[in-house]
Structures are given as structure tokens and as C-alpha cells.
Amino acid sequence: MNACSSLYVHIPFCERKCHYCDFYSLGNRDPELLDQFAAALGLEAALVARERGPAPPYRLNTVYVGGGTPTLLEPHALASALSPILSEARLEPDFEWTIEANPSSVDKAKLLAYRKLGINRVSLGIQSLAPELLARLGRIHTREIAIRALDDIFRAGFENVSVDFLCGVPGQSISTLEESIQEAQRFPIKHLSCYLLTLPPDHSMYQELPDEEEQLEHLLWVDHFLGNAGFEHYEISNFAKPGWKSRHNMNYWNGLSYLALGPSAHSFDSEKFIRSKNVSSLSGYCETLRSGRRPIEWSEELTPTQREIEKWLLALRLSEGIAEECFNTPQRRRMLDVFERQGLVVSHPVLAGRKRLTPKGFALSDQIIPSFI
Ligand code: SF4
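No experiment lies behind these values; they were computed from the predicted model shown.

Draft legend 1. Local environment of a nonpolar patch on the surface. Taken together, the side chains of Ile309, Leu313 and Ile373 define a hydrophobic patch exposed on the protein surface, amounting to about 220 Å² of accessible area. Within the secondary structure layout, Ile309 lies in helix α10 (residues 304-315). Here Ile309 falls in the partly exposed class, since its relative accessible area comes to 31%.

Draft legend 2. Representation of the domain arrangement of the protein chain in the model. Along its sequence, the protein chain is carved into domain 1 (5-252) and domain 2 (306-372). Of the residues lining the interface, 13 residues belong to domain 1; the matching set on domain 2 comes to 12 residues. Summing both partners gives a buried area of about 1,100 Å² for domain 1 against domain 2, and 63% of it is carried by carbon and sulfur. Of all residues in domain 1, the largest losses of buried area upon contact with domain 2 belong to Leu216, Glu235 and Ile236, amounting jointly to 42% of the total for that side. If you look at where domain 1 meets domain 2, you find two salt bridges. Of the charged contacts in the structure, one is a salt bridge between Arg317 and Glu235, with a shortest N-O distance of 2.6 Å. Taken together, domain 1 and domain 2 are joined by five residue pairs in polar contact (both at pLDDT 80 or more). Of all elements in the fold, only α7 (212-228), β9 (232-235) and α8 (247-253) reach the threshold of two or more residues within the side of domain 1 that touches domain 2. The element contributing the most residues to the side of domain 1 that touches domain 2 is α7, with five residues. Of the residues contributing to the side of domain 1 that touches domain 2, the split by class is seven nonpolar, one polar and five charged.

Draft legend 3. Spotlight on the packing of helix α1 (residues 31-52) against helix α2 (residues 75-86). One way to put it is that α1 packs onto α2 with a least axis distance of 6 Å and a crossing angle of 15 degrees. Compared by their axis directions, α1 and α2 come out roughly parallel. The way α1 lies across α2 gives a crossing that is right-handed. Of the residues in α2, those in contact with Ala38, Leu41, Gly42, Ala45, Ala46, Val48 and Ala49 of α1 are Ala77, Ala81, Leu82, Pro84 and Ile85. Per-class residue counts for the contact of α1 with α2 are 11 nonpolar, one polar and no charged.

Draft legend 4. Geometry of helix α3 (residues 108-117). Turning to α3, its buried residues are Lys110, Leu111 and Tyr114. The buried residues of α3 occupy an angular sector of 100 degrees when projected down its axis, which confines them to one face. Of the exposed residues in α3, the ones pointing more than 90 degrees away from its buried face are Ala109 and Lys116. Where α3 terminates, the next one or two residues include Gly118, which has phi positive at roughly 115 degrees.

Draft legend 5. α7, seen in detail. Counted at 1.5 Å a residue, the expected span for α7 with its 17 residues is 24 Å, and the 24 Å between its end C-alpha atoms agrees. Burial in α7 covers these residues: Gln215, Leu216, His218, Leu219, Trp221, Val222, Asp223, Phe225 and Leu226. In this fold, the buried residues of α7 make contact with β7 (160-167), α6 (174-184), β8 (191-196), β9, β10 (238-240) and α12 (359-363). Downstream of α7 by one or two residues, Gly230 has phi in the positive range, about 90 degrees.

Draft legend 6. Highlighting the packing of aromatic side chains. A complete count under the given rule lists 13 aromatic pairs for this structure. Look at Phe13 and Phe37: their rings are 5.5 Å apart centre to centre, the planes differ by 70 degrees, and that puts the pair in the edge-to-face class. With Phe13 in strand β2 (residues 13-14) and Phe37 in helix α1, this pair connects stretches of sequence that are 24 residues apart. The exposure class assigned to Phe37 is buried, which follows from its relative accessible area of 0%. Feature note: the residues Trp312, Phe327, Phe339 and Phe372 constitute an aromatic cluster, connected by ring pairs. Stacked on the ring of Phe158, the Lys or Arg Arg115 has its end atom at 6.0 Å from the ring centre.

Calculation criteria
Residues numbered from 1 in each chain as written. Predicted model: local features only at pLDDT ≥ 70, side-chain atom pairs only at ≥ 80, totals over all residues. Heavy atoms only, no water. Patch = residues over 30% accessible without salt bridge, like charges linked within 9 Å, V, L, I, M, F, W, Y side chains within 5 Å. Areas by Shrake-Rupley, 256 points an atom, 1.4 Å probe, with all protein chains shown as cover. Salt bridge = Lys/Arg side-chain N within 4 Å of Asp/Glu carboxyl O. Helix = DSSP H or I, 4+ residues; strand = E, 2+ residues; numbered from the N terminus. Buried < 20%, exposed > 50% of the residue type's maximum accessible area, 1.4 Å probe, protein only. Domains from an automatic or database assignment. Contact = heavy atoms within 4.5 Å. Buried area = accessible area lost by both parts, 1.4 Å probe. Polar contact = N/O pair within 3.5 Å; in protein donor to acceptor, adjacent residues only side chain to side chain. Nonpolar A, V, L, I, M, F, W, Y, C, P; charged D, E, K, R; others polar. Axes fitted to C-alpha atoms, helices over the stretch in contact; angles between N-to-C directions. Parallel < 35°, antiparallel > 145°, perpendicular 65-115°, else oblique. Left-handed = near helix turned anticlockwise from the far one by under 90°. Arc of directions from axis to C-beta. Expected span 1.5 Å × (residues − 1). Phe/Tyr/Trp six-rings, centres within 6.5 Å; stacked < 30°, edge-to-face > 60°. Lys NZ or Arg CZ within 6 Å of the ring centre and 35° of its normal.

What follows is the structure, given as C-alpha cells:
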């Protein structure tokens, strides 16, 4: 692991599965199952800590508890499961610890208890504040519950707060998108993620998705609106007020190491270029740990070609872009020329010798990035 590393923890429970979700999570909040999971998570953390033996402690600069709906896990259960690692780790002075929350699973008392553990960032999954869209998406919360949750987060004293929205939802218009984001902005949020809804072709809502032109219109509107509101568009789907980027996600995008715990979680060792994945099965995860083994489904060492692909995929996601000398083949130079003429790639306005995607380039990044690989 690198000197400064990140820890990701996947909590695989939700109150109910949303209609569009393909993350590994169970629509089940049975307390017995949550207890079994927390015990297994503690075993995994202890195994990882033991395998490291007398090595110097982890220098952690970020922890991200995601899911699923991590706020279904009680603060004390989370703290005790992670203690084998956190009690041994050296936390960096600007340590960031994020928890993802869903509006219906938090209240002020619970948020205060998470803060007491050292959690200093909350990422709230709002998605929309339009009642008809929330119903369409199968979200369990209402507009009122989402606003109440935002209020509770700030009243509990969190300053570093992010909210998630979706665009490109069937039935969504620019004005519903604007109304939702405006309402959220009544609060001093520091970070906003806006993802384009994508569905597999066999999904019942797939035919109703807006066409590419409308999707582009949504994405460009979000870029424009949030730019005017003082947010920097620093990654394809992420916007931050100055100084408030997600440091955990920046570590991913900068290719640093991360250790991941929990079912379906992926880890990466950037010194050895080894990526691994845990089993995507709660019972398999718990049973393997109870028998004293790590629940790793597979692990692979990235080949030089895979590393090169990874470099392009990560670098062009970010507003910093990529060094000009990376366009080092006739094909890459030709494509760069084409995309520059189309206004999709530009020279970085501040960082000399770098090329970056424009807002339209971010929106079309799925088509652009593969052309360079
Ligand atoms: S709350 Fe999030 S993780 Fe859970 S089902 Fe909905 S989209 Fe998926």
C-alpha cells in the first residue's frame, strides 16, 4: 500500500431496492442479519490487520463507508467492526471520513453519534426532490424526508456535505432538475454529484430514457448552473466548492492504493498493481470469514496494457486532464485533433502542457476516452 492510503467499507443493506440499482445490496434490514454482517466485517478487519503483522501502521488519509445504505448500521457496530484497523492506523492530519446516507435512515441523534466516531463528511443520496421522479425511481424517501435529513445533517454539525442527484431520468425536465438542485442549495452544501441514469437494455424503464440529445442537454445545464453557483466541475459527474473535492475519490482517480472491506468490495495496491475483489454474496462473505479466511473472489496483477488503459480512463475523468506527451501515437494525435476541432478537448487553461475534456467532452467521455486507448 502507498504511504497515504484509503479504506473503503461496503455495507450491503438497503431498506428496499430502488428500481434502477445494480450495486450489490440486499433490500433487507433484519437486525439479526446486520449483526451477523457486522461481526464478519470485524473478522475481516482483524484478519487484514493480523496479515500485516509488525509492518508500520497504515497511514490512512481517507475512509469511505458506502453501500448500500451504510447508515442502517448503528454507529457503535461500525466503530467496533473497524477498530482492528482504525486503532492501528496513523490518521493523516487532514483525515477525511465519509459515510453515505439515505434520507430515511438518519436523524440528528444518529448523525451526532457518527460524528462522535470521527466521521466528518456525509454524502446524502437525494437523487431528486420531485415526488413523481422519486416514485418512478423506487426511492423510499419523500421530498420532505430528504429536506429534513439535510437539515439534520447540518444541525448535527457536519460542514463537509455532499448530495447525489440523478439526471436523464424518464419524465425529468430541466425545470424539475433546477427546482431540486435549487432547493438543496438552500443548505451550504460543499459538493454535489450528478450522475446520468443508465440502465441495461432489458430494464423495464430502458425505452423511456431520454435520447442522447436530451441527456446532453441535462448534463450541460448542470455544468452551467453549478458553475454559476461557484462549484468547480472537477470530474465527469462531480462538482465541488473550492477546497472541497472528495479526497477519497480523488485518491481513486489519482491511481493510489485503497483497501476495501465488505461483500463485493474492490481493493487496489498501486505499488504491486494488484487489484482484488471480495465475493458478492453476504452468506459467502460471512461463512468464509467465520472459517478464518479472507473472502477474496479473485485478484489479478494488471498487465502493462491494462495499466496504460487505466491511466487514460482515470486521467481524462478529471479536470486536470492528461499531459500532452501522452498523445504519443499517430492515432492519438489524429483523434486529439478531431476532438479539439469539435470543442470536446482543449488545452488546460492553467496547467501548461496538459489537455482536458470540456464540459461537453465530459458529457461524451464514454465515446471519447476509448478513442485514445
Ligand atoms: S439506496 Fe442506493 S444502494 Fe440502495 S438500492 Fe437504492 S440506489 Fe441502490
